[in-house]
Amino acid sequence: MEQKQRVEAKAPLTIQGLSAAYQKKPVLRNVSFSVQEGELVGVIGPNGAGKSTMMKAALGLIPRLSGEVLVYGKPYKQQRKLVGYVPQRESVDWDFPTNALDVVTMGRYGHLGWFGRPGAKERAIAMESLAKVGMADFATRQISQLSGGQQQRVFLARALAQDASLYFMDEPFAGVDAATEKAIITLLQELKRQGKTVIVVHHDLATVQEYFDSVLLLNVELQAYGPTDEVFTQELLQQTYGGRLAFLDRSRNHSDIFATKG
Amino acid sequence: MQSLWTLLNDPNMQWIFISCTLLGLSSGIIGCFSYLRKQSLMGDTLAHAALPGICIAFMLTGTKSLLIFLIGAAIAGVIATFGIGFVTRHSRIKHDAAMGIVLSGFFGLGIVLLTVIQHGSYGNQAGLDKFLFGQAAAMIGSDVLTMSIVSVLLIAVCFLLFKQFKLISFDPGFARGIGYPVAFLEQLLMLLMVVSVVVGIQAVGVVLVAALLITPAVSARYWTHRLGAMVILSGLFGAISGAAGTLISSTAANLPTGPLTVLAATALFFLSILFGPQKGLLAKQFIRLRVKRKLEQSQIRGNVKARVAAAETEKGAAL
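Residues numbered from 1 in each chain as written. Chains lettered and ligands numbered in written order. Predicted model: local features only at pLDDT ≥ 70, side-chain atom pairs only at ≥ 80, totals over all residues. Heavy atoms only, no water.

Once that is clear, we can look at the pairing of strand 9 (residues 214-219) of chain A. Residue and element names in this part refer to chain A. Extensive coverage of strand 9 is indicated by the burial of five of its six residues. Looking at chain direction, strand 3 (residues 40-44) and strand 9 are connected through four bridges and run parallel. When the sheet's bridge partners are listed, Ile44 is paired in strand 9 with Leu217. Where strand 9 meets strand 10 (residues 221-227), six bridges bridge the pair, whose relative direction is antiparallel. Bridge pairing in strand 10 places Val215 opposite Gly226. What sits between the antiparallel neighbours strand 9 and strand 10 is a turn of one residue, in which Val220 has the positive phi angle 65°. (Buried < 20%, exposed > 50% of the residue type's maximum accessible area, 1.4 Å probe, protein only. Helix = DSSP H or I, 4+ residues; strand = E, 2+ residues; numbered from the N terminus. Pairing = 2+ DSSP bridges.)

Following this line, the structure appears as structure tokens:
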């Protein structure tokens, strides 16, 4: 028992009984799980299942109704510097007057004091982070002049610059080009090699087995959580997605028929 | 030019000149953040909401002191912001419509109170109606001093908290994630807006003061892609507008300073939209022309190549 507790205390992320609501409608109910160090965890579920909400509630970006979030055994508020966050790309206005390097430098703001200003050291770290996502050549580019995938990579570089141990990424693969998808995967593997833990909200069921060590199936409530080959099964997916997954299969068959006719 | 020099030698003129310039400078700087946070019209709402606040402050105290007006306007501004928040949260009304309702409601109340004051038995109510369109020339020494101190304070806060204001303007979610007190910083920015609106009201008036927050910031955006440069430029445009407004109004007979300041800012805006190197209309045309020419040239080259190739195949066929 004692040993189990020690393991729990070391876990990069432990969430207990987390519930959250938008307006009055609860979108996340009583979710509990604990993540192992050095794992890539995919959070999977249908639209409106509360995947992003879970991340935002865990990070304190939206108020939670109940629940406790521990990062390496301590409340999240004391451990902010250990946590990096990559929000959805659409969450900001990319017409903001700034360049890619400057956005990445924002990742260092948490390490600067209240009145400290980013200097040569911060810019060097930011530049290094940009290089890791293959964006070094775009450092001085105004951010509105980057493609969607490049913008996503800038956000990833900013999270790298935070130099965290636990990362939350909200749909980093959504609407990106092949080059960016590859860059993100390389980056995830690199983070894993460094013993860092990454939790990723993911949409594309086809790539889940290839990308993630563990899978968390979510549909308002936690459906299943564990190693990918145990959890990513037809049965559990069916349970998580309800009838919708069946519809997906049928429509695919339907288009097959259409294709043969054509 | 000579007359301009003598005007600037007049100490009273100097004070007004300096305070209008400082006012333009600080409003331009604050305005950048509210513009980037898509709250440009918030300045207008706060300005209109300030009127009943000022009237009630005057009715309660019976004095015309800028500091008391500032407190009254700030309280009214806070109530107005909460009002907008309440309307958007508890109804299907969107933010812009909610601002419109609150703005006009407060302004209506302000005008009613202003009329009550003017027909009432307050001893020194004269000049309160000047708040509608402002009257820089009517400012007295202590007003000018307060305005100057407040402007310098506003600039200092923006300088010290530049990093924080930048982050909450670009990505408030990320700012919250790294532990910034985002709600506090947002309220602080709002407070700075209220303060700059209230100190501006006396010079520019309730109706026009929002222009000092919006126009220089929008103009500056046409010249640069960097926030630091944009903030400095916007402050500079505001300062130039304030200075130009004061100078023109003092040389030409009986023209009001406030509206002239706003017109100067608008003129700078037109210059920016035309000649700004980033997104300016001329710059856009220039880039389009250059791209077009490049395309045409490559097409010509392509045509030539095709023709040469065609000639060669013909030759081959003939052989």
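There is more to say after this.
Let us look at the packing of helix 4 (residues 66-90) of chain B against helix 5 (residues 95-119) of chain B. Residues and elements named next belong to chain B. For the pair helix 4 and helix 5, the least separation of the axes is 9 Å and the interaxial angle reads 140°. The orientation of helix 4 with respect to helix 5, classified from their angle, is oblique. Here the hand of the crossing between helix 4 and helix 5 comes out right-handed. Where helix 4 approaches helix 5, its residues Ala76, Ile79, Ala80, Gly83, Ile84, Val87 and Thr88 are matched on the opposing element by His95, Ala98, Met99, Val102 and Phe106. Residue composition of the contact of helix 4 with helix 5, grouped by class: nine nonpolar, three polar and no charged. (Axes fitted to C-alpha atoms, helices over the stretch in contact; angles between N-to-C directions. Parallel < 35°, antiparallel > 145°, perpendicular 65-115°, else oblique. Left-handed = near helix turned anticlockwise from the far one by under 90°. Contact = heavy atoms within 4.5 Å. Nonpolar A, V, L, I, M, F, W, Y, C, P; charged D, E, K, R; others polar.)

Residue-level contacts link 31 residues of chain A with 28 residues of chain B. When the buried surface of chain A facing chain B is broken down by residue, Phe96, Pro97 and Trp114 of chain A rank first, second and third, together holding 27% of it. For the interface between chain A and chain B, the tally reads four salt bridges. Across the pair Asp93 of chain A and Lys38 of chain B runs a salt bridge whose closest N-O atoms are separated by 2.6 Å. Viewed at the interface, chain B and chain A are joined by 13 residue pairs in polar contact (both at pLDDT 80 or more). Elements with a contribution of two residues or more to the side of chain A that touches chain B: helix 3 (100-105) and helix 5 (148-161) of chain A. Its residues assigned to classes, the side of chain A that touches chain B comprises 16 nonpolar, nine polar and six charged. (Buried area = accessible area lost by both parts, 1.4 Å probe. Salt bridge = Lys/Arg side-chain N within 4 Å of Asp/Glu carboxyl O. Polar contact = N/O pair within 3.5 Å; in protein donor to acceptor, adjacent residues only side chain to side chain.)

The domain architecture assigned to chain B consists of domain 1 (2-279) and domain 2 (283-318). Here the C-alpha centre of domain 2 of chain B lies 56 Å away from the C-alpha centre of domain 1 of chain B. (Domains from an automatic or database assignment.)

Moving on: the environment of Val201 of chain A. Residue and element names in this part refer to chain A. Position of Val201 relative to the elements: it lies in strand 8 (residues 197-201). Distance from Val201 to Phe173, taken between C-alpha atoms, is 8.9 Å for residues 28 residues apart in sequence. Those residues within four positions of Val201 in sequence are excluded, and the remaining contacts are Val43, Lys51, Ser52, Met55, Met169, Asp170, Glu171 and Pro172.

Bringing the side chain of Thr180 of chain A into the picture now. All names here are of chain A. Positionally, Thr180 belongs in helix 6 (residues 178-193). Engagement of the side chain of Thr180 in a polar contact is seen with the side chain of Asp177, the distance being 2.9 Å. Beyond its immediate sequence surroundings of up to four residues, Thr180 is in contact with Gly149, Gln150, Gln152 and Arg153.

In sheet architecture, strand pairing relies on hydrogen bonds along the backbone and comes in two forms, parallel and antiparallel. All names here are of chain A. Sheet architecture is open: four strands sit in the order 2-1-4-5, paired in antiparallel fashion. Where the open sheet ends on each side, the last strands, each with one partner, are strand 2 (25-35) and strand 5 (74-75). Strand direction decides the pairing type here: strand 4 (residues 64-71) and strand 5, joined by two bridges, are antiparallel. Looking at the pairing, Val71 lines up with Lys74 of strand 5. The strands that helix 2 (residues 51-58) touches are strand 1 (13-22), strand 2 and strand 4; relative to strand 1, the one it contacts most, it runs at about 115°.

It is worth spelling out the packing of helix 7 (residues 162-170) of chain B against helix 9 (residues 182-204) of chain B at this point. Residue and element names in this part refer to chain B. Following both chains from N to C, one finds helix 7 and helix 9 inclined at 105°, their axes separated by 10 Å at the closest point. Considering the angle they form, helix 7 stands roughly perpendicular to helix 9. In this structure, helix 7 contributes Gln164, Phe165 and Ile168 to the contact, and helix 9 contributes Val182, Leu185, Glu186, Leu188, Leu189 and Leu192.

Residue and element names in this part refer to chain A. Counted under the stated rule, the structure contains nine salt bridges over all chains. For the salt bridge of Glu221 with Arg29, the shortest nitrogen-to-oxygen distance reads 2.9 Å. Taken together, the residues span a long stretch of sequence, with Glu221 in strand 10 and Arg29 in strand 2 at a distance of 192 residues. Under the relative-accessibility criterion, Arg29 is labelled partly exposed at 40%.

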